[in-house]
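# Descriptive structure summary
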Amino acid sequence: MDRRLEGARVLLGVCGGIAAYKMASLTSALVQHGATVDVIMTPEAERFVGPLTFSSLTARPVYTSLWDAPERIPHIRLVREAQAILVAPATANTIAKLAHGIADDLLTTALLAARVPVAIAPAMNTAMYEHPATIENLTTLRARGYEVVEPERGFLAERESGVGRLASEERLFEALALGVARRTSLAGLRVAITAGPTREAFDPIRFVSNASTGATGIALAREAALRGADVTLLLGPTQLEPPFGVRTLRFTTAEQLHALALDHAVGSDITIATAAVADWRPAERAESKRKKSDDDLLVRMVRNPDVLAELGARKGATFLVGFAAETDDHEANAREKLARKHLDAIVVNDVRDERGFGPGENTLALLWSGGRRDLGTAEKSLLAARLLDELIALRENR
Ligand code: CTP
């Protein structure tokens, strides 16, 4: 018997589609596999199946409204207790609301508050599924890290055949099992992440910096927190917001990052250095704004500490991962850094033509002493999940 859900807490969101009746069978299977199952139904779902069906199967109350017992704040409590969430059948309406942050019933409110893996299993008429709005909304959700369990082709309620049938019970079960595994994959581990650029000032208003926005490190911090890690994010100057639930400490200069890293990254279980640290800083910082003159300005630059190399020298049991921003000879350069800084793995980021900076897509490859894995081109949130999967496997086989 599959034991992956034994003792797990899962939350099912049932929307108003004819496939809602199939969720009774899935609920029963989940309970038989040892999971504790909470069910939220939308008001429309109640037209297809009664809450009593689910409460009988789960031996727990079923939630249908924000207003049943508002003093218990059900939308927050339910998502905090769950390790993984499955929305099935997910209607075009609920998918659209989720993609746009609309929270007008218990399910959509709970989903907005969720910080655990969420799988979405659409089921609807083929034309609705293939409508550009639905396609775009699902693309948005995938890019944000939601798992979309694709519907199947088959006989639909309209008595015609097409794409839009709810995925099989086995695939829905699998999506929840993977969600719970993801949620617990870093449980109890301390993860430190450096992210963003540094700014090295040569007068009170001018500085030397670079194009980093910290997007990759922020995505990794969010994904690590979602997987149950105790995350510390050391974040440089950026307009991007650090993730909710992550301890974030700010730096401006390489020297400040250096001090923070020695305090907060040494001794962690996993450290990932994505920060784009200036290798040099101006030797002098003028107290007042430098006035222009007709002469050229010469700013002498001195070396900054190599934060990652120092973490490598104090590595202990930490699994240490660096990033290499490369424009040429990617693999050779990255492997040289892997060895020199005593890293367990290094991620190569191709930054030709300013690629790889800012939110959006990126192309990454992971290198370690025994091999290489291409992580492909994808949204940074998806790459963060793929990268952590690989790092967890590498660390376990170390
Ligand atoms: N790094 C650091 N402190 C520095 C410089 C870099 O912690 N002063 C880290 C970065 O966060 C990254 C890795 O080291 O994880 C990059 O190594 P580095 O040798 O600086 O490579 P590049 O920045 O790619 O630069 P270069 O090719 O010029 O060596």
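So, how was this worked out
- Residues numbered from 1 in each chain as written.
- Predicted model: local features only at pLDDT ≥ 70, side-chain atom pairs only at ≥ 80, totals over all residues.
- Heavy atoms only, no water.
- Near = heavy atom within 4 Å.
- Polar contact = N/O pair within 3.5 Å; in protein donor to acceptor, adjacent residues only side chain to side chain.
- Areas by Shrake-Rupley, 256 points an atom, 1.4 Å probe, with all protein chains shown as cover.
- Helix = DSSP H or I, 4+ residues; strand = E, 2+ residues; numbered from the N terminus.
- Buried < 20%, exposed > 50% of the residue type's maximum accessible area, 1.4 Å probe, protein only.
- Core = buried A, V, L, I, M, F, W, Y, C linked by side-chain atoms within 4.5 Å.
- Contact = heavy atoms within 4.5 Å.
- Domains from an automatic or database assignment.
- Buried area = accessible area lost by both parts, 1.4 Å probe.
- Salt bridge = Lys/Arg side-chain N within 4 Å of Asp/Glu carboxyl O.
- Nonpolar A, V, L, I, M, F, W, Y, C, P; charged D, E, K, R; others polar.
- Pairing = 2+ DSSP bridges.
- Axes fitted to C-alpha atoms, helices over the stretch in contact; angles between N-to-C directions.
- Parallel < 35°, antiparallel > 145°, perpendicular 65-115°, else oblique.
- Left-handed = near helix turned anticlockwise from the far one by under 90°.

### So, the site of the ligand
Near the ligand, the surroundings consist of 14 residues, among which Ala273, Ala275, Leu308, Lys337 and Lys341 are the closest. Interatomic distance of 2.8 Å between a backbone N/O atom of Leu308 and an oxygen atom of the ligand. Between the ligand and the protein, one listed contact pairs an oxygen atom with a backbone N or O atom of Ala325 at 3.2 Å. Taking 580 Å² as the accessible area of the ligand by itself, protein coverage stands at 78%.

### Structural notes on unusual backbone geometry
For the peptide bond that leads from Ala88 to Pro89, omega is -10°, which places it in the cis range. Here Pro89 is to be found in strand β4 (residues 84-90). With a phi close to 55°, Ala59 is a non-glycine residue in the positive phi region. Mapping Ala59 onto the fold places it in the loop between α2 (51-58) and β3 (62-63). Using a relative accessible area of 70% as the deciding quantity, one classes Ala59 as exposed. For His342, which is not glycine, the phi torsion reads 60° and is therefore positive. What makes His342 partly exposed here is its relative accessible area of 46%.

### Description of the nonpolar core
Judged by nonpolar contacts, the single largest core of 34 residues is most densely connected at Leu186, Ile272, Leu366 and Leu391. Considering every element that reaches this core, the biggest residue donor is helix α13 (residues 380-396), with seven residues. Other than its neighbours up to four places away in sequence, Leu391 contacts Ile272, Phe319, Val321, Ala345 and Leu366. Counting residues in each nonpolar core, the second largest holds 33 residues, with Val14, Val39, Ala84 and Val180 among its members.

### Quick word on the domain arrangement of the protein
When the parts of a complex come together, some accessible area is lost, and that lost area is often taken as the interface size. If you check the domain split of the protein, you get domain 1 (9-184) and domain 2 (190-397). The C-alpha-based centres of domain 1 and domain 2 are spaced at 37 Å. The interface of domain 1 with domain 2 comprises 10 residues on the first partner and 10 residues on the second. Taken together, both faces of the contact between domain 1 and domain 2 bury some 750 Å²; the carbon and sulfur share is 51%. For domain 1, the biggest contributors to the area lost against domain 2 are Arg115, Ala143 and Arg182; these three give 61% of the whole. Here domain 1 and domain 2 share one salt bridge between them. Taking the shortest distance from any N to any O, the salt bridge between Arg182 and Glu223 comes out at 2.8 Å. Applying the counting criterion to the domain 1 and domain 2 interface returns five residue pairs in polar contact (both at pLDDT 80 or more). Elements that contribute at least two residues to the side of domain 1 that touches domain 2 include exactly α7 (132-143) and α8 (169-184). When residues in the side of domain 1 that touches domain 2 are grouped by element, the largest group, three residues, is from α8. Here the residues of the side of domain 1 that touches domain 2 sort into three nonpolar, two polar and five charged.

### Focus on the environment of Thr36
Mapping Thr36 onto the fold places it in strand β2 (residues 36-41). For Thr36, a relative accessible area of 27% gives the class partly exposed. Along the chain, Thr36 and Ala8 lie 28 residues apart, while their C-alpha atoms are 6.1 Å from each other.

### A word on the pairing of strand β20 (residues 371-379)
Note: strand β19 (residues 361-368) against β20, eight bridges, orientation antiparallel. Bridging from a neighbouring strand, Ala365 pairs with Asp374 of β20.

### Here we look at the packing of helix α1 (residues 22-32) against α2
It is at 9 Å that the axes of α1 and α2 come closest, and there the two elements cross at 15°. With respect to α2, the axis of α1 lies roughly parallel. Judged by the twist between their axes, the crossing of α1 over α2 is right-handed. From α1, Met23, Ala24, Thr27, Ser28 and Val31 reach across to α2, where they touch Thr53, Phe54, Leu57 and Thr58. Residue composition of the contact of α1 with α2, grouped by class: five nonpolar, four polar and no charged.

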